[in-house]
Amino acid sequence: MPKTSALAQAVSFSASERDAVYKAIFTRRDVRDQFLPEPIPEIVLKRLLEAAHHAPSVGFMQPWNFITIRSQKARDRVADAFGRANDEAAKMFPEERQSRYKALKLEGIRKAPLNICVTCDRNRDGDVVLGRTHNQSMDLYSTVCAVQNLWLAARAEGIGMGWVSIFRDADLKAILGIPERIEIVAYLCLGYVDELHERPELEVKGWNRRLPLEDLIFEESWKGGA
């Protein structure tokens, strides 16, 4: 019986293929307010979710699920939950930053035609998972890789995506019927856009700046102070 191989030749991408990958990385933005009302076709959504589903995962456990939310009623309830948490968050910043915080647009829940909640089922492969034996957070990190795959695929499709993180998990679980044991990793807003910031919006608006890469690279050992 002839032997079969699951291996394929490893070759570098062509220059145009390589450039497309880097273009998606460098022009990806956290979109909050530029969404168009045009719905995302099911065939495109399937491509995005396939990209997410092909993320690396610890022990190949694939711990993610994707809850798609389109109804206005559900999005209104989620937006209200965000609003309550956002009011709490504003008060956590020093007084001199609170007004700037309140001026930021931090979510597009109502405006984006599609919302997706990405979850992590930490028991999907049982208690002992290959690669998670000494770091129990690896399944969460894997799910974040799925979010990044989705984000880059969305950018390639001309679809903007924003990650909303200002929630009380209990509120979101109650709205979406998520079991207590399931971890919420990301709540995402997606929709077509006709323009994007050339630089990250929080950098454009003076909230923060990109750190120099050379300050973040250490050789052989930690050199960032105690």
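What counts as what
Residues numbered from 1 in each chain as written. Predicted model: local features only at pLDDT ≥ 70, side-chain atom pairs only at ≥ 80, totals over all residues. Heavy atoms only, no water. Axes fitted to C-alpha atoms, helices over the stretch in contact; angles between N-to-C directions. Helix = DSSP H or I, 4+ residues; strand = E, 2+ residues; numbered from the N terminus. Parallel < 35°, antiparallel > 145°, perpendicular 65-115°, else oblique. Contact = heavy atoms within 4.5 Å. Nonpolar A, V, L, I, M, F, W, Y, C, P; charged D, E, K, R; others polar. 1 Å grid on protein atoms, 1.4 Å probe; cavity = no way out; pocket = protein on both sides within 12 Å on 5 of 7 lines; lining within 4 Å. Points joined across faces, edges and corners; volume = space filled by probe spheres on them.

Caption draft 1: The packing of helix H3 (residues 72-90) against helix H6 (residues 169-176), seen in detail. Two numbers describe how H3 lies on H6: the axes approach to 10 Å, and their chain directions differ by 170°. Overall, the two elements H3 and H6 adopt an arrangement that is roughly antiparallel. Only Asp-171, Leu-172 and Ile-175 of H6 make contact with H3, whose side of the interface consists of Ala-74, Arg-77, Val-78, Ala-81 and Arg-84. By residue class, the composition of the contact of H3 with H6 is five nonpolar, no polar and three charged.

Caption draft 2: Region of interest: empty space enclosed by the protein. One pass over the structure, following the stated rule, counts one cavity of 30 Å³ or more. Approximately 30 Å³ is the volume found for the largest cavity. Lining the largest cavity, in full, are Asp-30, Val-31, Arg-32, Leu-106, Glu-107, Gly-108, Gly-162, Trp-163, Val-164 and Cys-189. If one sorts the elements of the lining of the largest cavity by residue count, strand S3 (residues 159-164) sits on top with three residues. Looking at the lining of the largest cavity residue by residue, the classes come out as five nonpolar, two polar and three charged.

Caption draft 3: A look at the layout of surface pockets. What the largest pocket holds in volume is close to 470 Å³. Lining of the largest pocket is provided by 15 residues; of these, Arg-28, Arg-29, Asp-30, Pro-200 and Arg-210 occupy positions nearest its centre. Listed by contribution, the elements that provide at least two residues to the lining of the largest pocket are helix H1 (15-27), helix H5 (138-156) and helix H7 (201-204). Residue contributions to the lining of the largest pocket peak at three residues, all from H7. Along the lines of polarity and charge, the residues of the lining of the largest pocket split into five nonpolar, three polar and seven charged. Counted as a void, the second largest pocket has a volume near 170 Å³. Lining of the second largest pocket is provided by 13 residues; of these, Arg-32, Leu-106, Ser-165, Ile-166 and Leu-202 occupy positions nearest its centre. Classifying every residue of the lining of the second largest pocket by side-chain character gives ten nonpolar, one polar and two charged.

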